[in-house]
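A closer look at the structure
Okay, here's what each chain looks like letter by letter:
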Amino acid sequence: MEEENEITDEMLMLQVGKGDEDAFAVLVRRHQDMVYGTAARMLGGSASEAEDVAQQVFIKAYRAASRYQPTAKFTTWLLTICRNTVFTHTKLRKRYITEPLEYETDEGTQESHIADVNASNPSDQMMHGELETAIQAALDLLPEKQRMALVLRQYDQLEYEEIARIMKTSVSSIKSLLFRARDTLREALKQHLSAT
Amino acid sequence: MKQEPQNDHDDLDKMLARAPMPKAPAWFEARLIARLRREQARELSWWSKVKRHSVLWGVCTVTAAIVVVSGACLLLGSKYASLLNSPSVAANANDETNAAQLRRAGGLRLPGKSSSNNEKVSAALDAFKSYQEDNSLWSDSQ
């Protein structure tokens, strides 16, 4: 395990390009939360949808391994694939509108579909559930690019330059997208913000 | 760009941080590897199907090529045969025509009865000559 941590992502990816499945498994373990979480925040739908998209991202990365050139950070490359896959999935989803299976609690609110593994007790779970539902609903209001920029900045903790590289745009565009995204979120979540 | 108030920025960040990003489920890696193996197996079976049928495709292509080439040869052969079988004037008819012409030119008379017979023969020879000329024209046009 310690040896695994010493090997960089780029070295592992080069091994994957030679057909090393163990190296691929290590990469998956390292980055599955980032990819899954990004897909979940972007799609806002069911956990199975996020899982499906996240799997597609890793499969594409595996297939492209033989052509991989370590010219940029591995996470930048992987998140670029994630961005493309999410946008493609969103376009397909618009074509075939689906109704997610939803259910309501006694208070009439809808429960989040994505399990909150961080919540410890039932009241925490409910609070997290309400807040997460509200945040996800606010994120769903954002246009795709603003949402992607915000998720990469807020949740993946990436620098502006890296986000710009992933989204194939300039740093100033990213800052502009983030500014507008935050404005929209602030408006959508003002009830929750005033309660804090 | 408008400077956003720092407090709002912090409050929003704090709130967003209270709902962290969902983590991948525990079975994610196992399901991913299983899906990858399934897709690889599907691609392999598709390729092996193509390879299995490649022999059949090869045989069909060769057969079709043989049929086409044979058909072309037959067509050319039948054209050549029709040229060979077209009507032509007998070789000795040319000799007789030439002999008659020579006799007329030299004032020779055919043995026999009277000059009317000679005229009949000349007319017949002239008719035959014109037939010969027509036939050569027909052959050229073929």
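In this numbering scheme, every chain counts its residues from 1 along its sequence in written order. For this description, chains carry letters from A and ligands carry numbers from 1, given in the order in which they are written. In view of the model being predicted, local features appear only for residues whose pLDDT reaches at least 70, and side-chain atom pairs are presented and counted only at 80 or more, with totals across whole chains, interfaces and linings using the full set of residues. Side-chain metrics rest on all non-hydrogen atoms present in the structure, leaving aside hydrogens and water.

As a rule of thumb, non-glycine residues mostly have phi less than zero, and peptide bonds are mostly trans rather than cis. Residues and elements named next belong to chain A. Phi angles above zero are rare outside glycine, and Gln 157 is one such case at about 60°. By the secondary structure assignment, Gln 157 is in the loop between α7 (144–154) and α8 (160–167). The rule is simple: take the accessible area with a 1.4 Å probe, protein chains only, and divide by the maximum for that residue type; under 20% is buried, over 50% is exposed, in between is partly exposed. You can call Gln 157 exposed: its relative accessible area is 59%. Unlike most non-glycine residues, Lys 168 shows phi in positive territory, near 55°. Note on conventions: DSSP H or I runs of at least 4 residues are helices, E runs of at least 2 residues are strands, and numbering of each starts at the N terminus. By the element assignment, Lys 168 lies in the loop between α8 and α9 (171–188). On the basis of relative accessibility, which here comes to 60%, the residue Lys 168 falls in the exposed class.

Moving on, we get to the interface of chain A and chain B. Residues are treated as being in contact if the distance between any of their heavy atoms lies within 4.5 Å. Each partner contributes to the interface: chain A provides 44 residues, whereas chain B provides 31 residues. When two components associate, each loses some accessible surface as probed by a 1.4 Å sphere; the sum of these losses over both components is called the buried area. Together chain A and chain B conceal approximately 3,700 Å² of surface at their shared face, both sides included; 64% is due to carbon and sulfur atoms. Counted as salt bridges are all cases of a side-chain nitrogen of Lys or Arg within 4 Å of a carboxyl oxygen of Asp or Glu. Applying the counting criterion to the chain A and chain B interface returns six salt bridges. Asp 13 of chain B is paired through a salt bridge with Arg 182 of chain A; the nearest N and O atoms lie 2.8 Å apart. We call two N or O atoms a polar contact when they sit within 3.5 Å, provided that within protein one can donate a hydrogen and the other can accept it, with sequence-adjacent residues counted only if both atoms are side-chain atoms. Counting across the interface, chain A meets chain B through ten residue pairs in polar contact (both at pLDDT 80 or more). Counting residues per element, the ones that place at least two in the side of chain A that touches chain B are α3 (21–43), α4 (47–63), α6 (122–141), α7, α9 and α10 (190–195) of chain A. Ten residues, namely Ala, Val, Leu, Ile, Met, Phe, Trp, Tyr, Cys and Pro, are considered nonpolar, four, namely Asp, Glu, Lys and Arg, are considered charged, and the remaining ones, Gly among them, are considered polar. Of the residues assigned to the side of chain A that touches chain B, the class counts are 21 nonpolar, eleven polar and twelve charged.

Next up on the list: the pattern of salt bridges. This model, assessed by the stated rule, comprises eleven salt bridges over all chains. Glu 21 of chain A is paired through a salt bridge with Arg 37 of chain B; the nearest N and O atoms lie 2.6 Å apart. With Glu 21 of chain A in helix α3 and Arg 37 of chain B in helix α2 (residues 28–84), the pair connects residues from two separate chains. Classification of Glu 21 of chain A as partly exposed rests on a relative accessible area of 26%. Between Glu 51 of chain A and Arg 31 of chain B there is a salt bridge, and its shortest N-O distance comes to 3.2 Å. With one member in each of two chains, Glu 51 of chain A in helix α4 and Arg 31 of chain B in helix α2 form a pair that bridges those chains. In this structure Glu 51 of chain A comes out as buried when scored by relative accessible area, which is 7%. Within this structure, Asp 52 and Arg 63 of chain A together with Arg 35 and Glu 39 of chain B form a network of salt bridges that share partners.

All right, on to the packing of aromatic side chains then. Residue and element names in this part refer to chain A. Stacked, tilted and edge-to-face are the three classes applied to pairs of Phe, Tyr and Trp rings, where Trp contributes its six-membered ring and a pair requires centres within 6.5 Å; stacked means planes under 30 degrees apart, edge-to-face means over 60, and tilted covers the rest. The full count for this structure, using the stated rule, is seven aromatic pairs over all chains. Both rings, one in Tyr 68 and one in Phe 74, keep their centres 6.3 Å apart while their planes meet at 80°; by these two values the pair is edge-to-face. By relative accessible area, which is 4% here, Tyr 68 ends up buried. Sitting over a ring, as applied to charges here, requires NZ of Lys or CZ of Arg to be within 6 Å of the ring centre and within 35 degrees of the ring normal. Here the guanidinium or amino end of Arg 41 rests over the ring plane of Tyr 155, the centre of that ring lying 4.9 Å away. Of note, Arg 153 hangs over the ring of Tyr 160, and the distance from its end group to the ring centre comes to 4.2 Å.

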